[in-house]
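Results of the structural survey
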Amino acid sequence: MADIKNLDVDGQFFDCVIDWGSNSNGWYRIWRSGLIEQGGNQIDSNTYKVVYLPIPYSNINYSVVHSEFMQNPTAENTDTEGADHNIGATDKKVNSFRISKASNRGISFYTRGY
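Fair warning: this is a prediction, and the values are worked out from it, not measured in the lab. (Residues numbered from 1 in each chain as written. Predicted model: local features only at pLDDT ≥ 70, side-chain atom pairs only at ≥ 80, totals over all residues. Heavy atoms only, no water.)

1. Some points on the pattern of salt bridges
Stated formally: Note on definitions: salt bridges are taken to be side-chain nitrogens of Lys or Arg within 4 Å of carboxyl oxygens of Asp or Glu. Working definition: helices are DSSP H or I runs of at least four residues, strands are E runs of at least two. Numbering for both runs from the N terminus. For every residue, the accessible area (1.4 Å probe, protein chains only) is compared with the maximum for its type, and the residue is labelled buried under 20%, exposed over 50%, or partly exposed between those bounds.
For the structure shown, the criterion picks out 3 salt bridges. For Arg 112, the salt bridge identified is with Glu 37, shortest N-O distance 3.9 Å. With a gap of 75 residues between them, Arg 112 in strand β10 (residues 105-113) and Glu 37 in strand β5 (residues 36-43) connect regions that are remote in the sequence. Residue classification places Arg 112 among the partly exposed positions, given a relative accessible area of 41%. Using a relative accessible area of 6% as the deciding quantity, one classes Glu 37 as buried. Where Asp 91 meets Lys 93, a salt bridge forms, and the shortest distance between an N and an O atom there is 3.0 Å. Counted as one network, the salt bridges with shared partners bring together Arg 29, Glu 37 and Arg 112.

The structure is reproduced here in structure tokens:
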């Protein structure tokens, strides 16, 4: 069987996922080019949330997209379900970042970098 890490198509570089997995912090995919994608959902009641990544990046130059979700939506509060109250990712480290959120919400996140 061919080694997927060394595949080229007509002599051209072909990027593909070479490793993937998950742990209690979320999921990840590693691409042949070195690109890493990570994501997941995390829930706690703190207003300031440190999100720990499944695997570390090589530096802090990664992108972060995140949004909030209601942990237990009801008919009375569905109009705010998914509302975004975040001020953005701060205090980025290679294996974590911090966000500010409404205390009763969980967060979904997606990161991308090298």
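2. As for the sheet that holds strand β9 (residues 96-100)
Within a sheet, adjacent strands bond to each other through the backbone by hydrogen bonds, running parallel or antiparallel. So the rule is basically this: Here, a strand pair is defined by DSSP locating no fewer than two bridges between the strands. Helix axes use the C-alpha atoms of the stretch in contact, all axes being lines fitted to C-alpha atoms, and the angles between their N-to-C directions lie in the range 0 to 180 degrees.
The 3 strands are arranged β6-β9-β8 in an open sheet whose pairing can be described as antiparallel. If you trace the sheet from one side to the other, it starts and ends with β6 (48-52) and β8 (90-93), each paired once. Strand-to-strand twist in this sheet, taken as the mean axis angle between neighbours without regard to direction, amounts to 20 degrees. One ladder, built from 2 bridges, connects β8 with β9; its direction is antiparallel. Each residue of the ladder has a partner; that of Thr 90, found in β9, is Arg 98.

3. Details of unusual backbone geometry
Even without glycine at this site, Asp 91 takes up a positive phi of about 50 degrees. In this structure, Asp 91 sits in strand β8.

4. Some words on the environment of Thr 90
Which entries qualify depends on this criterion: Residue contacts follow a heavy-atom distance rule, with two residues in contact if any of their heavy atoms lie within 4.5 Å.
If you trace the backbone, Thr 90 turns up in strand β8. As a C-alpha pair, Thr 90 and Val 64 span 26 residues in sequence and 9.9 Å in three-dimensional space. If we skip the residues at most four places from it in the chain, Thr 90 touches Phe 97 and Arg 98.

5. Some details on the confidence of the model for the chain
To keep it simple, the criterion reads: pLDDT gives the predictor's per-residue confidence on a scale running from 0 to 100.
In this model, the chain carries an average pLDDT of 80, and 71% of its residues clear a pLDDT of 70 or more. Here strand β1 (residues 8-9) stands out as the least confident element of the chain, with mean pLDDT 64; strand β4 (residues 26-31) is the most confident, with 97.

6. Looking at the packing of aromatic side chains
Two aromatic rings are characterised by how far apart their centres lie and by the angle between their planes. What counts, and what does not: Centre distance within 6.5 Å is the pairing criterion for rings of Phe, Tyr and Trp, where only the six-membered ring of Trp is used; planes under 30 degrees apart are then read as stacked, over 60 as edge-to-face, and the remainder as tilted.
Per the counting criterion, the structure on display carries 3 aromatic pairs. Each ring, one from Trp 27 and one from Tyr 110, has its centre 6.3 Å from the other, and the planes form 40 degrees; the classification is tilted. In this pair, Trp 27 is assigned in strand β4 and Tyr 110 in strand β10, connecting sequence segments 83 residues apart. On the basis of an interplanar angle of 70 degrees and a centroid distance of 6.0 Å, the ring pair of Phe 97 and Phe 109 is categorised as edge-to-face. One end of the pair, Phe 97, is in strand β9; the other, Phe 109, is in strand β10, with 12 residues separating them in the sequence. Judged by its relative accessible area of 1%, Phe 97 is buried. What makes Phe 109 buried here is its relative accessible area of 5%.

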